[in-house]
Amino acid sequence: MHTQLSTIFAPASLIGESSVSVIRISGKDSFEIISSIFTVNRNKLEPVNISSISANTVHHGYIFSGDEIIDEVVCSFFKAPHSFTGEDVVEVSTHGGYYVYRSVSRLLAEKGCEPAEPGEFSKRAFLNGKMDLAQAEAISDLIRAKTELASKAAIKQLSGYLSNYVKELRTELINYCSLVELELDFAEEGLDVIPNDTLLKGIDKITQNIDNLAKSYNTGRIIKDGVNLAIIGKPNVGKSSIFNYLLQTNRAIVSHIPGTTRDYIEELLILGGVVFNLIDTAGIRETDNIVEKEGVRRSYEKINEADIVLEVLDLSDDGNINKDNAVSNGRLIVRNKLDLVKYKPDGLAVSAVTGENMQKLQEELVRRANELVAKNENTELVITNERHKSLLLKSCEYLVNARKLVLSDSGNELISIEIREAMNALEEIIGKTTNVDILNNIFSKFCIGK
Ligand SMILES: Nc1nc2c(ncn2[C@@H]2O[C@H](COP(=O)(O)OP(=O)(O)OP(=O)(O)O)[C@@H](O)[C@H]2O)c(=O)[nH]1
Ligand SMILES: [Mg+2]
């Protein structure tokens, strides 16, 4: 990442044919740099007098190079600290298109502006105290959100719900830590500032709250990343055909030869406002073929990772269809090749060839997915980030240690160390104690211009 001193720029919207495209510039030289290529008078291509432009205003004008007008634009000026990054920021709204973007960015680079790295604007906003780390992460989540639920969760986190709750938990820990340490100061007087059972109760309550928040990731992950839906079954039952039908593409190879799919295939599917990671797997059977064996092993792996397992049975195969729904282990059983039988089978029966009852299957998938989310949807807070989950669990571990130390009368010094570690783990969520490498890693996953 650049030093805080450099002035950076990047497209803030997609580059390509569009009505408007926004280029964002941030850093102490932003106003000076833009003024050297921006004029408000098309008949007089001279750098605008920057002192004539008041902060936090919008100006219509022209980007020029020498005696040539590159584009007619609107520039928004944000004076530090009243900007997204907390630095001086200019947002140039040009016409969309590759050529205009290339020309303006070339001019900016000539004037000393450096292309921003992914997430660099958000990183500066974080470093300048405009938002904490959990909020910055929510921006990236919001941009990537594909459904209403995902977007709502990101907005909530961006508004500071998670950060505030984490801060509350941290404050409670600080209070207990202070009492434990205060008691140390009065050790010689033998003053009992906080009785052990009060301390234990306090630690237990906080541990429980942190653990509950960590557990909300089970739902949060589904909301943010989608429902893992694995299609499984014996070879040739029509798994890939159903996979293709749901996606409305010929993504997976389909053939009459059992064992066609060797490796799993994953594709994104949006149904009824729910994101599914749809996974087609290799047909499960005993085999000596080492490639197919590996495929089967991977199928089992996907079954374990799945939120919903869709098990396909083949109605045209007598040995296959009689599976009892009751022993499905929560799997959704679907009987395929309905077009090949003359009777009306039990349960959910479809044809991936004619499309019969496929809508019913889709509705059932959405219903099950919503059921998974509904468990937690109305609760106060759901975390959607694995980093947050592991820090919460880490914090719990330290508190469990602290609890053991209290029970074994190991002394307040050791107890306070564990409580402080638990606090540190919480602070990492909001970025108070997060090290530079971790920060760089988090922001490098953001998109360019954000
Ligand atoms: N008539 C009929 N044929 C089907 C249907 N679904 C799949 N098939 C056929 O069944 C054969 C196997 O289909 P696939 O989708 O490749 O089956 P699979 O379960 O993915 O098989 P593997 O990848 O080998 O495990 C192909 O010839 C398909 O055309 C269906 O609903 N009706
Ligand atoms: Mg297949």
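Residues numbered from 1 in each chain as written. Chains lettered and ligands numbered in written order. Predicted model: local features only at pLDDT ≥ 70, side-chain atom pairs only at ≥ 80, totals over all residues. Heavy atoms only, no water.

This brings us to the overall build of the chain. When helices and strands are tallied, the chain shows 14 helices and twelve strands. Relative to a compact globule of 450 residues, whose C-alpha radius of gyration would be 22 Å, the chain shows 29 Å and is clearly more extended. Projecting the C-alpha coordinates of the chain onto the three principal axes gives extents of approximately 85 × 80 × 40 Å. A buried classification covers 49% of the 450 residues belonging to the chain. Restricting to contacts in the chain with at least 6 residues of sequence separation, those with at least 24 account for 62%. Within the chain, the 64 negative side-chain charges are centred at a point lying 5 Å from the centre of the 50 positive side-chain charges. (Helix = DSSP H or I, 4+ residues; strand = E, 2+ residues; numbered from the N terminus. Rg over C-alpha atoms; globule rule 2.2 N^0.38 Å. Buried < 20%, exposed > 50% of the residue type's maximum accessible area, 1.4 Å probe, protein only. Contact = heavy atoms within 4.5 Å. Lys, Arg positive; Asp, Glu negative; His and termini not counted. Charge placed at Lys NZ, Arg CZ, Asp CG, Glu CD.)

Moving on: the sheet that holds strand E3 (residues 38–39). On the basis of which strands lie adjacent, the open sheet formed by seven strands has the order E3-E4-E5-E6-E2-E1-E7 and mixed pairing. Each end of this open sheet is capped by a strand with a single partner; those strands are E3 and strand E7 (114–115). Relative to strand E5 (residues 68–78), strand E4 (residues 57–65) runs antiparallel, the two sharing nine bridges. Residue isoleucine 63 lies in a different strand from E5, and its bridge partner there is aspartate 71. (Pairing = 2+ DSSP bridges.)

Turning to the site of ligand 1, a few remarks are in order. The environment of ligand 1 is made up of 23 residues, and the closest members are Lys239, Ser241, Gly259, Thr260 and Asp339. The contact in question runs from an oxygen atom of ligand 1 to an N or O atom on the backbone of glycine 259, over 2.7 Å. Here threonine 261 contributes a side-chain N or O atom positioned 2.8 Å from an oxygen atom of ligand 1. Notes on ligand 1: free accessible area 650 Å², of which the protein chains cover 88%. Examining the composition of the shell around ligand 1, we find that three residues originate from one element, helix H9 (residues 239–247), more than from any other. (Near = heavy atom within 4 Å. Polar contact = N/O pair within 3.5 Å; in protein donor to acceptor, adjacent residues only side chain to side chain. Areas by Shrake-Rupley, 256 points an atom, 1.4 Å probe, with all protein chains shown as cover.)

Note on the magnesium ion (ligand 2): its protein donors are Ser240 (OG) and Thr261 (OG1). The metal-donor distances range over 2.0 Å. Taken together, the positions of serine 240 in helix H9 and threonine 261 in the loop between H9 and strand E9 (265–271) put the pair 21 residues apart, joining distant regions of the chain. Comparing serine 240 with threonine 261, the two get one shared label, buried. (Donors = N, O, S within 2.8 Å, 3.2 Å for Na, K, Ca; no water.)

Turning our eyes to something else, we now look at the pairing of strand E10 (residues 274–280). Most of E10 sits out of view: seven of its seven residues are buried. Burial along E10 is two-sided: Val274, Phe276, Leu278 and Asp280 facing one way and Val275, Asn277 and Ile279 facing the other are all buried. Bridge count for strand E8 (residues 227–233) against E10 is five bridges, and the pairing is parallel. Opposite asparagine 228, over in E10, you have asparagine 277 as the bridge partner. Across seven bridges, the pairing between E9 and E10 is antiparallel. The residue bridging leucine 271 from the neighbouring strand is valine 274, located in E10. The hairpin turn running from E9 into E10, its antiparallel successor, is two residues long, and glycine 272 in that turn takes a positive phi close to 50 degrees.

Take helix H5 (residues 148–158) next. Within H5, the full set of buried residues consists of Ala150, Ala153, Ala154 and Gln157. Projected down its long axis, H5 carries its buried residues within an arc of 95 degrees, all on one side. What points out from H5, more than 90 degrees from its buried face, is the exposed set Glu148 and Lys152. Contact partners of the buried residues in H5: helix H4 (133–144), helix H6 (161–185), helix H8 (217–225) and helix H12 (386–407). In the segment just after H5, glycine 160 is the residue with positive phi, at about 100 degrees. (Arc of directions from axis to C-beta.)

What follows covers the sheet that holds E8. Read from one edge to the other, the open sheet built from five strands follows the order E9-E10-E8-E11-E12, with strand pairing classed as mixed. The two strands at the open ends of the sheet, each matched to only one other strand, are E9 and strand E12 (332–336). Averaged over neighbouring strand pairs, the angle between their axes works out to 25 degrees when direction is ignored. Relative to E10, H9 is tilted by about 150 degrees, and along the sheet it contacts E8, E9, E10, strand E11 (308–314) and E12. (Axes fitted to C-alpha atoms, helices over the stretch in contact; angles between N-to-C directions.)

Looking now at the pattern of salt bridges. A complete count under the given rule lists 28 salt bridges for this structure. Where aspartate 204 meets arginine 403, a salt bridge forms, and the shortest distance between an N and an O atom there is 2.7 Å. Residue aspartate 204 is located in helix H7 (residues 196–215), and its partner arginine 403 is located in helix H12; the two are separated by 199 residues in the primary sequence. For arginine 403, a relative accessible area of 29% gives the class partly exposed. When salt bridges with common partners are traced through the structure, they connect Asp263, Glu294, Arg297, Arg298 and Glu301 into a single cluster. (Salt bridge = Lys/Arg side-chain N within 4 Å of Asp/Glu carboxyl O.)

For the bond running from alanine 80 to proline 81, omega is 0 degrees, close enough to zero to count as cis. Along the chain, the position of proline 81 falls in the loop between E5 and strand E6 (89–95). Although it is not a glycine, asparagine 236 adopts a positive phi angle of roughly 75 degrees. Considering the arrangement of structural elements, one finds asparagine 236 in the loop between E8 and H9. Judged by relative accessible area, which is 29%, asparagine 236 ranks as partly exposed. Phi is positive for asparagine 357, which is not a glycine, with a value near 65 degrees. Inspection of the secondary structure assignment puts asparagine 357 in the loop between E12 and helix H11 (358–377).

For the rest of this paragraph, the subject is the domain arrangement of the chain. Under the domain assignment, the chain is made up of domain 1 (8–131), domain 2 (136–216 + 383–431) and domain 3 (225–377). Summarising the inter-unit geometry, the C-alpha centres of domain 1 and domain 2 are found 42 Å apart. Tallying the contact residues gives four residues for domain 1 and four residues for domain 2. Roughly 300 Å² of surface becomes buried between domain 1 and domain 2 when both sides are summed, with 80% attributable to carbon and sulfur atoms. (Domains from an automatic or database assignment. Buried area = accessible area lost by both parts, 1.4 Å probe.)

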